[in-house]
Structure formats: C-alpha cells, structure tokens
Amino acid sequence: MSSTLIAEQLLNGLQFGLMLFLIAAGLTLVFGILDILNVAHGSLYMAGAYVAAQTMQVTQSFVAAVVVAAVVTGLVGLVLELVLIRKLVIRDHLAQVLGTFAVILIANDVIKMIWGPAPMMMSMPPALSGPVQLTPDLMYPAYRLLIIAVGLAAALGLYLFVTRTRAGVLVRAGASNRQMATLMGVRVPLLFLGVFVLGAMLAALAGALLGPVTAIQTGMGEQILILVLVCIVIGGIGSMRGAFVGALLVGFVDTAGRAFLPSLLKLFFSPAVASSVGPTLAALSIYILMAVVLVFRPSGLFPARG
Amino acid sequence: MRLIKQLLALAALVPGLAFAQAPIKVGIANDLSGPFAALGAEARDGFNLAIKELGGKLGGKPAEFLQTDMGGNPDQARQLVNRYIQRDKIDFFTGPIGSNVALAVGPTLFAAKIPYLSNNPGPSQFAGAQCNDYWFGVSYQNDAFHEAAGKVAADRGFKNMVIMAPDYPAGKDALNGFKRGYKAPVGQEVYTKLGQIDYAAELAQLRDAKPEAVYIFLPGGMGINFIKQFVSAGLNKSIKIVGPGFSGDEDVIRAVGEPMLGMFNTAQWAHDLDNAQNKKFVAAFRKEYNNRTPSVYAAQAYDVIMAIDAAVKATKGNVADRPAVLAALKKADFASVRGPFTYGINNFPIQPYYLRVIEKNAQGQITNKLVGKVFDSYQDVYVGQCKK
C-alpha cells in the first residue's frame with residue numbers, strides 16, 4: 001500500500017466528513033435551539049438537490065443552481081416552521097418524530113408529483129469535471145476539492161457566526177438554557193424561525209453540492225440522514241463543535257474501514273473469511289465507533305447542555 | 001337503496017345482460033412507489049402501450065386490466081395478490097419488478113392455478129428447485145446478464161478485472177454469475193455497502209489496482225453515484241466500465257448523461273435490435289411517450305401482454321381451461337420485440353443475449369447502441385435442478 005494511496009484515502013475521509021457536516025450542522029442547530037429532532041431534515045437536503053438540478057438544467061449555471069436551491073429551500077423551511085414545527089415545539093419527542101416523519105412521506109410524494117419517479121440529472125460544472133494533479137502521483141477530482149473548500153468555509157463561517165455575532169450569542173444562550181434566555185428577553189419565536197431557515201439552507205447547500213456526484217432521487221434524504229444522525233450523536237446532540245468533530249470522525253472511520261479493513265484482514269485470516277467478514281465489518285465500523293463513544297461519553301463528545 | 005334493488009331486479013329480467021361474457025382479467029401489481037418506482041413506471045408504460053394497441057382486448061375478447069401500486073413491498077404485494085385472486089378472480093398475473101416480490105407472491109399464485117408471467121425478475125429459485133408450470137419467466141433468468149457480461153470481458157481480453165457489487169444476496173449472485181461467464185480468476189472482488197452514497201475509497205483502490213475494466217452491479221441510485229464519481233475522478237480514461245443491462249439502460253442514461261458514454265452492458269434486447277416487431281414497438285413507444293426511448297423494462301412489459309394475447313387467441317378465449325392456456329403460453333408463439341425464443345423445461349427463455357455500448361447517436365442523443373451477440377442461445381444453469 002503506497003503512501004499516495006493513504007494520502008488519497010485521508011483526503012476522501014476529510015471530504016466525506018465535511019459533506020456530512022454540512023447536513024449535520026443544520027440538524028444539530030435545530031435540535032440545540034428548538035429542542036426538536038427534525039427527522040425531515042433529509043427531505044430539505046433532497047429538496048435542495050432537486051431545485052439545484054432543475055435550476056442547472058434551465059440556466060446552465062452552477063452558481064445560480066446553488067443560490068436558488070438555498071433560497072427556495074430556505075422558503076420551504078420558513079413555511080414548514082410556521083405551519084408545523086412551531087406547533088410541535090411544545091409537544092414531546094415522540095410527537096415531534098411522528099410529525100416530522102409525516103413530512104418525509106409527504107415530501108417524497110410531492111417530489112414525485114413534480115419531477116416524476118425517475119432520478120434526475122444534474123451535470124457537473126465543466127471546469128471542475130476532471131481530476132487535478134496534486135503531487136506527481138496523486139490525482140484528485142477537482143469537484144471533491146470544491147466540496148472540501150465549501151465544507152471548511154461553512155464550518156469557519158458557522159464558528160464565527162456562533163462565537164462572534166450577536167445572533168450567535170442568542171443561539172448559544174438558547175442552546176444552553178432556553179427558559180433563561182426567554183426570561184432575559186430573547187425573542188424566541190423569531191430566533192426559532194431564523195435558526196430553522198438557516199438549517200434548511202445549509203441542508204440545501206449540501207444537496208446542491210452533492211447533486212453532481214450522487215443520484216438525485218426520492219428517498220435520498222433518509223439514506224443520508226442515518227449517517228448524519230450518527231455524526232451528531234457521536235458529537236453530542238445540539239453542539240456545533242460536536243457535529244464538526246463527529247462528522248469528521250465518521251468520514252475518516254467509514255473511509256478507512258472500506259479502504260483498509262478488507263486488506264488488513266487478509267493478513268490475519270484466510271482470503272475467504274477476509275472477503276466475507278471485511279465488507280460487513282467495514283459497514284459496521286461507524287456504528288461500532290458510535291457505541292464505543294457512547295459507552296465512555298453517554299451524551300457525546302461535546303455535550304451541548306451541562 | 002330501494003332504487004338499486006329495483007334496478008337489480010330489472011337487470012335480472014333481461015337475460016344475458018348481467019353475464020354477457022365475463023371479461024378476461026389480468027392482475028398487474030405495479031411498482032409505482034418505493035425502491036423500484038422509476039423502473040415500475042417504465043414497465044407501466046410498456047403495459048399500457050400494448051393494452052392500447054390491442055384495443056383493451058385479449059385475443060379479440062373483452063378484457064380487464066387491473067393495475068394497482070404495491071410499492072415494491074412484498075407484504076403489500078401479497079395482500080394485493082390475495083385480493084386479485086379471491087375478489088377479482090384474475091386469470092393472469094404480472095407486474096412486480098423485484099425478485100423479492102416475485103418470490104413472495106409466486107407460491108400463492110401457483111396454488112391458485114393462475115399463470116404468472118414475469119415482466120422482469122427471474123429468481124434462481126423458480127428456475128431450479130421451485131420451478132412451476134404456472135410460472136413463465138418471460139424476461140430472463142437473473143444470472144444471465146451477469147454471465148453474458150463475464151463472457152464479454154473474457155472475449156475482449158480485459159485483464160485484471162475488478163468486480164463490484166453491494167454486500168447482499170443479489171450482489172453475491174451477480175458476481176458469481178459474472179465469474180461463471182469470465183472463467184478466468186478476477187483481479188479483485190469488492191463488496192460495498194447497500195445504499196452507499198460515497199465511493200471515493202473504492203475509486204482510490206481502483207486507481208491503485210489499475211484494472212483494464214471494472215464490472216459493476218450497483219442497482220438504482222448506487223450505480224448512478226458510482227458512475228458520476230468514477231468519471232469525475234478521471235478513471236474513465238484508463239478503465240472501461242462493464243455492467244448488466246439494467247445499470248446502463250435508458251432510465252439511468254437520462255439521470256447521468258455524459259458520464260455514461262462508453263459503458264458496455266448486456267441484455268436480451270436492445271432498442272435498435274433489427275426485427276419488424278421491435279421497430280414497430282420502439283416507434284410507437286416514442287410517439288406515445290414524448291419521444292422517449294424505451295428501456296428493457298418497457299420492452300419486457302410489452303412482451304408480457306402480447307404473450308397473454310397470443311395464448312388467449314390460441315385457446316379461443318377459454319381461459320378457464322388452464323392446461324390449454326399453459327400449453328399455449330409455453331409455445332411462446334407471439335411476435336416478441338427481442339425476436340423468436342423458446343422456453344426451457346423450467347419455463348425460462350432460451351434466447352440470445354446482446355452487447356450494447358452507450359454512445360451518442362446521429363442526432364447527438366446519448367443512448368445504447370447494439371454491438372453484437374454475446375450468446376446465440378443461452379439457457380440458465382439452474383434448469384438441471386428443475387424436476388417436473
């Protein structure tokens with residue numbers, strides 16, 4: 001196994017982790033502030049991908065696709081918050097999960113009504129469609145570098161937003177003690193609305209960015225939501241820093257498991273055993289990681305509430 | 001209520017009005033939602049085109065086509081089939097896309113003596129030990145596409161093949177089928193997660209292994225994810241992609257576009273296959289559905305309705321005589337869009353398989369192009385286990 005391959009797999013892990021972070025950030029933000037587990041967050045991601053693909057087909061502009069996807073999904077999030085989420089905030093978690101689960105079913109059918117059941121096409125911006133030469137041996141897809149860049153920028157932006165701005169102070173106050181924040185005069189309904197729309201826009205950004213490299217189809221939200229839930233559980237539900245670390249951990253462990261585990265097992269077991277156990281173990285690796293983290297830190301690596 | 005009673009009494013007085021002739025009923029379990037929704041929609045369009053061309057009749061007799069969505073869900077399909085059998089008293093059954101659904105509803109239909117003409121799945125169980133007279137695998141046996149692809153790779157001399165499938169039973173069957181056709185040992189066998197989104201790790205391994213070609217059996221969204229990422233990693237310049245027909249069909253091409261160019265895939269049918277019935281079908285399909293090119297799912301569904309039509313005609317509409325219906329179906333005496341074929345003892349087709357490659361046609365559209373025959377007449381390997 002060459003060092004180039006290891007470097008490439010590390011980049012892959014970073015890229016996958018940052019991609020998960022874009023979705024996890026919105027989910028954990030909404031949970032941290034509104035104390036509501038929005039399982040329909042994946043549907044907002046799906047909506048972002050569909051709107052981006054449609055915009056791309058019409059305008060042929062990737063930048064327009066990303067912007068329109070974020071704006072439209074933000075509006076969808078706005079309506080969703082006003083119509084449903086606002087009413088679910090005062091209910092228990094079971095009602096919240098049921099209510100937002102219903103949104104998943106509705107969203108999938110609405111998408112099918114608008115765009116049909118067949119997966120949708122979103123072409124890659126031509127300038128980024130090939131690989132770039134990073135070192136003499138290492139070629140890396142330009143588009144994945146873009147995902148890494150946007151992921152890092154979003155992480156930095158969110159960090160600055162949460163720590164340096166007045167809105168960020170309110171968000172942190174709301175996350176650590178909602179009642180106290182209310183008593184101190186924070187306008188909670190407006191804060192909730194803003195946070196929910198921001199979360200929806202982040203999910204749409206992820207959907208639009210991943211559109212050119214993944215299948216845009218109904219049900220794509222649920223697929224990725226499971227991974228994202230693992231990220232935020234590892235990181236500590238509600239914590240932005242936790243979501244970042246959790247997503248990167250999941251990205252690295254998942255990639256390393258798939259890339260190195262089967263060949264590693266071949267050193268110790270017969271090829272037959274290695275080839276049957278390897279993929280299964282690789283698929284389980286992130287759940288094993290989650291279990292181990294929860295044994296030692298039951299509320300995740302960075303608990304949002306002390 | 002009273003009015004209805006009076007009307008019923010009146011109807012009973014007119015002889016032959018209520019029971020003029022019971023229409024021949026075909027129960028179709030569609031896959032319009034759930035995991036196979038896109039493929040199910042293709043099949044539905046194939047069914048509907050055939051029904052329209054036959055004027056809603058079968059063998060010239062009045063017919064009724066019951067179509068219900070069961071969402072690719074075996075439990076829902078089982079309920080639907082029970083309803084079709086007990087309440088609607090269907091005479092023929094077809095529709096499901098997935099092998100899991102076919103396996104779930106098959107035994108019930110066989111026990112009720114209702115012919116099941118498969119418009120897609122051809123599970124090995126029904127080809128081997130569980131073969132049944134009431135089953136007709138009109139389309140293909142599940143292993144056939146993979147075996148044909150293996151033979152293509154061997155014939156073209158692709159060395160150091162990497163073969164890849166999701167880690168679940170159908171994935172293992174696919175790779176075993178490929179290896180049977182390829183005959184020589186493959187370079188690497190990679191099993192991925194079911195429903196995997198990101199293939200960067202596998203692509204890095206591919207770049208490192210430097211195979212001449214990669215064989216992928218990644219159904220639905222997984223294949224779309226893989227191919228998009230494969231091309232953006234620049235691997236398409238040095239590695240060829242080979243797949244079964246369903247990974248390179250028109251529905252996938254519409255979702256992926258340019259990155260599909262150059263992919264080899266194998267199937268028992270191609271839209272540019274040269275026979276009169278196929279030309280008629282493809283032209284009619286394009287006319288009916290907004291100039292869309294049919295996929296193999298649409299072609300198979302169309303064939304199933306035509307096969308039923310021929311059997312009804314041969315039995316002069318007396319579908320209650322099931323042995324006669326089965327004998328007529330078994331002859332496969334209808335104009336199939338894939339050309340003539342025969343059934344083996346397990347009611348799976350013995351037929352040619354073709355190699356197709358995805359190219360731009362003269363109008364600049366990306367679509368499959370027929371390259372040549374892989375097998376002249378292929379029969380599945382399970383037929384020996386079928387004891388009748």
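So, the overall build of chain A
Here is step 1: Scanning chain A from N- to C-terminus turns up eleven helices and two strands.
Here is step 2: Secondary structure of chain A in N-to-C order comes out as α-α-α-α-β-β-α-α-α-α-α-α-α.
Here is step 3: A compact globule built from 306 residues would reach a C-alpha radius of gyration of about 19 Å, and chain A, at 20 Å, matches this within 12%.
Here is step 4: Dimensions of chain A, computed from C-alpha atoms along their principal axes, come out at roughly 60 × 50 × 35 Å.
Here is step 5: Here chain A, with 306 residues, has 50% of them falling under the buried criterion.

Some words on the nonpolar core
Here is step 1: Membership of the largest hydrophobic core comes to 220 residues, with the highest contact counts inside it found for Leu-20, Ala-24 and Cys-231 of chain A together with Tyr-215 and Ala-307 of chain B.
Here is step 2: Counting residues per element, this core draws most heavily on helix H8 (residues 188-210) of chain A, at 16 residues.
Here is step 3: No fewer than three residues from each of domain 1 (11-140 + 274-347) and domain 2 (144-267 + 353-384) of chain B sit in this core.
Here is step 4: Residues in contact with Tyr-215 of chain B, not counting those within four places in the same chain, are Ala-149, Ala-153, Met-161, Ile-163, Met-164, Phe-178, Val-242 and Gly-243 of chain B.

What to know about the interface of chain A and chain B
Here is step 1: Tallying the contact residues gives 35 residues for chain A and 31 residues for chain B.
Here is step 2: When contributions to the side of chain A that touches chain B are tallied by element, the ones reaching two or more residues are helix H1 (3-34), strand S2 (139-141), helix H5 (142-164), helix H9 (220-235), helix H10 (240-268) and helix H11 (271-296) of chain A.
Here is step 3: Top element by residues in the side of chain A that touches chain B is H1 of chain A. It accounts for six residues.
Here is step 4: Residue composition of the side of chain A that touches chain B, grouped by class: 20 nonpolar, twelve polar and three charged.

Things to note about the packing of H9 of chain A against H11 of chain A
Residue and element names in this part refer to chain A.
Here is step 1: Running from amino to carboxyl end, H9 crosses H11 at an angle of 25°, the nearest separation of the two axes being 9 Å. When the axis of H9 is compared with that of H11, the two are roughly parallel. For the pair H9 and H11, the crossing hand works out as left-handed. When H9 is examined against H11, the residues Val-230, Val-233 and Ile-234 are found in contact with a partner set consisting of Ile-286, Tyr-287, Leu-289, Met-290 and Val-293.
Here is step 2: The residue inventory of the contact of H9 with H11, partitioned by class, reads eight nonpolar, no polar and no charged.

Remarks on the domain arrangement of chain B
All names here are of chain B.
Here is step 1: Taken domain by domain, chain B consists of domain 1 (11-140 + 274-347) and domain 2 (144-267 + 353-384).
Here is step 2: Each partner contributes to the interface: domain 1 provides 16 residues, whereas domain 2 provides 16 residues.
Here is step 3: With three residues, the single largest contributor to the side of domain 1 that touches domain 2 is helix H2 (residues 37-53).
Here is step 4: Its residues assigned to classes, the side of domain 1 that touches domain 2 comprises eight nonpolar, seven polar and one charged.

Describing unusual backbone geometry
It is generally the case that most residues other than glycine have a negative phi and that most peptide bonds are trans.
All names here are of chain B.
Here is step 1: Positive phi outside glycine occurs at Lys-89, with the angle close to 50°.
Here is step 2: Mapped onto the elements, Lys-89 comes out in the loop between helix H3 (74-86) and strand S4 (92-94).
Here is step 3: Take Lys-89: there are 12 C-beta atoms within 10 Å of it, and that puts it in the exposed class.
Here is step 4: Unusually for a residue other than glycine, Asn-160 sits at a positive phi of about 55°.
Here is step 5: With 13 C-beta atoms counted inside 10 Å, the residue Asn-160 sits in the partly exposed group.

Here we look at the packing of H10 of chain A against H11 of chain A
Residue and element names in this part refer to chain A.
Here is step 1: Running from N to C, H10 and H11 point in directions that differ by 165°, and their axes come no closer than 8 Å. Between H10 and H11, the angle falls in the class roughly antiparallel. For the pair H10 and H11, the crossing hand works out as right-handed. Here H10 contributes Leu-249, Val-250, Val-253, Asp-254, Gly-257, Arg-258, Leu-261, Pro-262, Leu-265 and Lys-266 to the contact with H11, which in turn contributes Pro-271, Ala-274, Ser-275, Val-277, Gly-278, Pro-279, Leu-281, Ala-282, Ser-285, Ile-286 and Leu-289.
Here is step 2: Partitioning the contact of H10 with H11 into residue classes produces 14 nonpolar, four polar and three charged.

Some words on the pairing of strand S7 (residues 162-166) of chain B
Residue and element names in this part refer to chain B.
Here is step 1: Most of S7 sits out of view: five of its five residues are buried.
Here is step 2: For S7 and strand S8 (residues 188-192), the ladder comprises five bridges, and the chain directions are parallel. Looking at S8, one finds that Val-162 is bridged to Gln-188.
Here is step 3: Handedness of the crossover joining S7 and S8 through helix H7 (residues 169-182) is recorded here as right-handed.
Here is step 4: Here S7 runs beside strand S9 (residues 213-216); their pairing, made up of three bridges, is parallel. Of the residues in S9, the one forming a bridge with Ile-163 is Tyr-215.

A word on helix H9 (residues 221-232) of chain B
Residues and elements named next belong to chain B.
Here is step 1: A rise of 1.5 Å per residue sets the reference length of H9, with its twelve residues, at 16 Å; its end C-alpha atoms lie 17 Å apart and thus fit the reference within 8%.
Here is step 2: Among the twelve residues of H9, twelve are classified as buried, and the element is accordingly described as predominantly covered.
Here is step 3: Of the residues flanking the end of H9, it is Gly-234, one or two places downstream, whose phi is positive at about 75°.

What counts, and at which threshold
Every chain is numbered independently, its residues counted from 1 as its sequence is written. As a convention, the first chain written is A and the first ligand written is 1, with the rest following in written order. Side-chain atom pairs in this predicted model are given and counted only at pLDDT of 80 or more, local residue features only at pLDDT of at least 70, and totals for whole chains, interfaces and linings cover all residues. Note on conventions: DSSP H or I runs of at least 4 residues are helices, E runs of at least 2 residues are strands, and numbering of each starts at the N terminus. Taken over C-alpha atoms, the radius of gyration is set against a globule rule of 2.2 Å times the number of residues to the power 0.38. Any residue surrounded by 20 or more other C-beta atoms within 10 Å of its C-beta is treated as buried, while 12 or fewer makes it exposed and the intermediate range makes it partly exposed; C-beta atoms here are placed from the backbone. Structurally, a nonpolar core is described as a collection of buried Ala, Val, Leu, Ile, Met, Phe, Trp, Tyr and Cys residues joined by way of C-beta atoms within 7 Å. For the domain bounds, the source is a domain assignment made automatically or taken from a database. Residue pairs are scored as contacts if the distance between their C-beta atoms, which are placed from the backbone, is within 7 Å. Each residue receives one of three labels: charged for Asp, Glu, Lys and Arg, nonpolar for Ala, Val, Leu, Ile, Met, Phe, Trp, Tyr, Cys and Pro, and polar for the others, Gly being one of them. Whenever a helix is involved, its axis is fitted only over the stretch in contact; in every case the axis is a line through C-alpha atoms, and angles between N-to-C directions fall within 0 to 180 degrees. Angles are sorted into four bins: roughly parallel if under 35 degrees, roughly antiparallel if over 145, roughly perpendicular if 65 to 115, and oblique for all others. By convention, the crossing between two helices is left-handed when the near helix turns anticlockwise from the far helix through less than a right angle, and right-handed when the turn is clockwise. A pair of strands is considered paired only if DSSP assigns at least 2 bridges between the two. Seen with its strands pointing away from the viewer, a crossover is right-handed if its path from the first strand over the helix to the second goes clockwise. To estimate the expected span of a helix, count its residues, drop one, and scale the result by 1.5 Å.

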